[in-house]
Amino acid sequence: TVPAYFDDAQRQATKDAAKLAGVSVLRLLNEPTAAAVAYGLEHEENATVAIFDLGGGTFDISILKMEKGIFEVLATGGDSALGGDDFDHAIATWMYASLSLETELDLSQQRYLLRQSKLVKEALCEAESIVVPLAQWPASSAITALPRNQLSLSRQQLDQLLDPIIARAMRVCKQTLRAAAVTVHDLDQVVLVGGSTRTLRVRQKVAEFFRRQPLTSIDPDRVVAIGAARQADVLVGNKTTDELLLLDVLPLSLGLETMGGLVERVIERNSPIPVAQAQDFTTSQDGQTAMMVHVLQGERDLVQDCRSLARFELRGIPSMVAGGARIRVPFQVDADGLLDVSAKELSTNIVSAVQVKPSYGLSEEQITEMLQTAWGYVEEDRTSRSLREKQVE
């Protein structure tokens, strides 16, 4: 899994690191999407979900929209210097002030206060108040002993300490909702991720801001990993009845060669995968009993300007006048990007097929170059297609 805001280079680096560690990468999953999958939200229709991720040192908020089986990231926001560590520091600062210490603490004493702060924070998730023991204070030349061996802190006092920190997260949430062009009323669910969301005040403030109770039934430390595991279980074929999440897209269009050296696109680029599309073709000559199916990849209109993926023949077509036969050619791309192309003559049901991997041997630079070339020759391609079509007619 990767943060939603990772760019292509960061995603590729994550894949490379996984391979170096001996991990088979089935699919990269956005962390907010994985959290939504853990709760089964991919089965909802047209749901808008907020993923509130507050960890130890960072905060992320993502707004996702579920449409046609795809989680689209509408907007992300965050604060890379906001998290549970800030809660610990706020409690430690309060303890230092309550002890009326006028001398600076050494490193071991600062660490001791932070350790006690973490214990206090966790204990107040269960109790209304707690007595903080300070008997094991590490003495130093500056502060050999404390004026008292314990402090008491209530949940109400803790809330007052944490409110200014949580308010920073809520400001980011407001900005992210605005960037996504949605309001809290448009949201169907709010999911809490990250250990710091166990703090009751965080849950209370999230519920107040989003005006709904957030989903908290799955361990917030494990929710992303559970979602990734669920998706992996589907991808390796253990749950064939489940609908696959459509999370990847085709980088380039896929199509067939038609008469006149033209390309008929069957699946457009940026189509989410897995995907299946079929198109009907016919014969171009009287008495034609075989057809060459030429599978192509690219955005150009002429065969010579696209990448050839495969060729196969369909034989046994009944002898008819040109245009009489009906040959259906389905394209199917699975979750791993494998393309299956078959051709079926509908009156006799004879079938021929081929399987290819469209992305095999293509680097990101080559894909970019193919797209840029297509954009640069738009007018020329349009004229060429028009001319070829008239010649065919």
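Residues numbered from 1 in each chain as written. Predicted model: local features only at pLDDT ≥ 70, side-chain atom pairs only at ≥ 80, totals over all residues. Heavy atoms only, no water.

A. Layout of the nonpolar core. Phe52, Phe59, Ile61 and Phe210 are the most contacted members of the largest nonpolar core, which has 47 residues in total. Put simply, the parts of the chain that give this core at least two residues each are β1 (48–54), β2 (59–67), α3 (84–98), α4 (107–123), β5 (150–154), α5 (155–180), β6 (189–193) and α6 (200–210). Looking at this core element by element, the count peaks at 10 residues for α5. Apart from residues no more than four positions distant in its own chain, Phe210 is found in contact with Ala50, Phe52, Ile61, Cys173, Leu177, Val184, Leu187 and Val190. Counting residues in each nonpolar core, the second largest holds 25 residues, with Leu314, Ile317, Phe331 and Val333 among its members. (Core = buried A, V, L, I, M, F, W, Y, C linked by side-chain atoms within 4.5 Å. Buried < 20%, exposed > 50% of the residue type's maximum accessible area, 1.4 Å probe, protein only. Helix = DSSP H or I, 4+ residues; strand = E, 2+ residues; numbered from the N terminus. Contact = heavy atoms within 4.5 Å.)

B. Region of the structure containing the pattern of salt bridges. Enumeration according to the criterion identifies 17 salt bridges in this entry. A salt bridge links Lys205 to Glu208, with the nearest nitrogen and oxygen atoms 3.8 Å apart. Placement of the pair is Lys205 and Glu208 together in helix α6, with a separation of three residues, close to one helical turn. With its nearest N and O atoms 2.6 Å apart, the salt bridge here joins Asp381 to Arg300. Pair noted here: Asp381 is in helix α9 (residues 378–392) and Arg300 is in the loop between β12 (290–297) and β13 (307–315), with a separation of 81 residues, a long-range link. The exposure classification of Asp381 matches that of Arg300, with both residues buried. Where salt bridges share partners, they join Asp159, Asp163 and Arg201 into one cluster. (Salt bridge = Lys/Arg side-chain N within 4 Å of Asp/Glu carboxyl O.)

C. Examining the environment of Ile130 more closely. Structurally, Ile130 can be placed in strand β4 (residues 129–133). For the pair formed by Ile130 and Ala374, sequence separation is 244 residues and the distance between their alpha carbons is 68 Å. The residues contacting Ile130, other than those within four sequence positions of it, are Val120, Ala123, Leu124, Leu151, Ser152 and Leu153.

D. Structural view of the packing of α3 against α4. As a packed pair, α3 and α4 sit with axes 8 Å apart at the nearest point and diverge in direction by 110 degrees. With respect to α4, the element α3 is oriented roughly perpendicular. Classified by chirality, the crossing of α4 by α3 is right-handed. Contact residues: α3 offers Gly84, Phe87, Asp88, His89, Ile91, Ala92, Met95 and Tyr96, while α4 offers Leu113, Leu114, Gln116, Ser117, Lys118, Val120 and Lys121. The class makeup of the residues in the contact of α3 with α4 is eight nonpolar, four polar and three charged. (Axes fitted to C-alpha atoms, helices over the stretch in contact; angles between N-to-C directions. Parallel < 35°, antiparallel > 145°, perpendicular 65-115°, else oblique. Left-handed = near helix turned anticlockwise from the far one by under 90°. Nonpolar A, V, L, I, M, F, W, Y, C, P; charged D, E, K, R; others polar.)

E. Broad picture of α4. Under the 1.5 Å per step criterion, the end-to-end length of α4 is 25 Å for 17 residues, consistent within 8% with the ideal 24 Å. The set of residues buried in α4 consists of Gln109, Tyr112, Leu113, Gln116, Ser117, Val120 and Lys121. Looking at the packing, one finds that the buried side of α4 touches α3, β4 and β5. (Expected span 1.5 Å × (residues − 1).)

F. Just the sheet that holds β6, in detail. Read from one edge to the other, the open sheet built from four strands follows the order β3-β2-β1-β6, with strand pairing classed as mixed. Edge positions in the sheet fall to β3 (70–79) and β6, since each has one partner strand and no second. Direction aside, the axes of adjacent strands within the sheet are offset by 20 degrees on average. Across seven bridges, β1 lies against β2 in antiparallel orientation. Following the sheet pairing, Val49 is matched in β2 by Leu64. (Pairing = 2+ DSSP bridges.)

G. Focus on the packing of aromatic side chains. Tallied over the full model, the rule gives three aromatic pairs. Measuring from ring centre to ring centre gives 4.8 Å for Phe52 and Phe59, while their planes differ by 55 degrees; the resulting arrangement is tilted. Across this residue pair, the class does not change: Phe52 and Phe59 are buried. Ring centres of Phe209 and Phe210 lie 4.8 Å apart, and the angle between their planes is 85 degrees; on these two criteria the pair is classed as edge-to-face. Note on Phe210: relative accessible area 1%, which makes it buried. (Phe/Tyr/Trp six-rings, centres within 6.5 Å; stacked < 30°, edge-to-face > 60°.)

Such coordinate-based values are descriptive only and should not be taken to indicate function.
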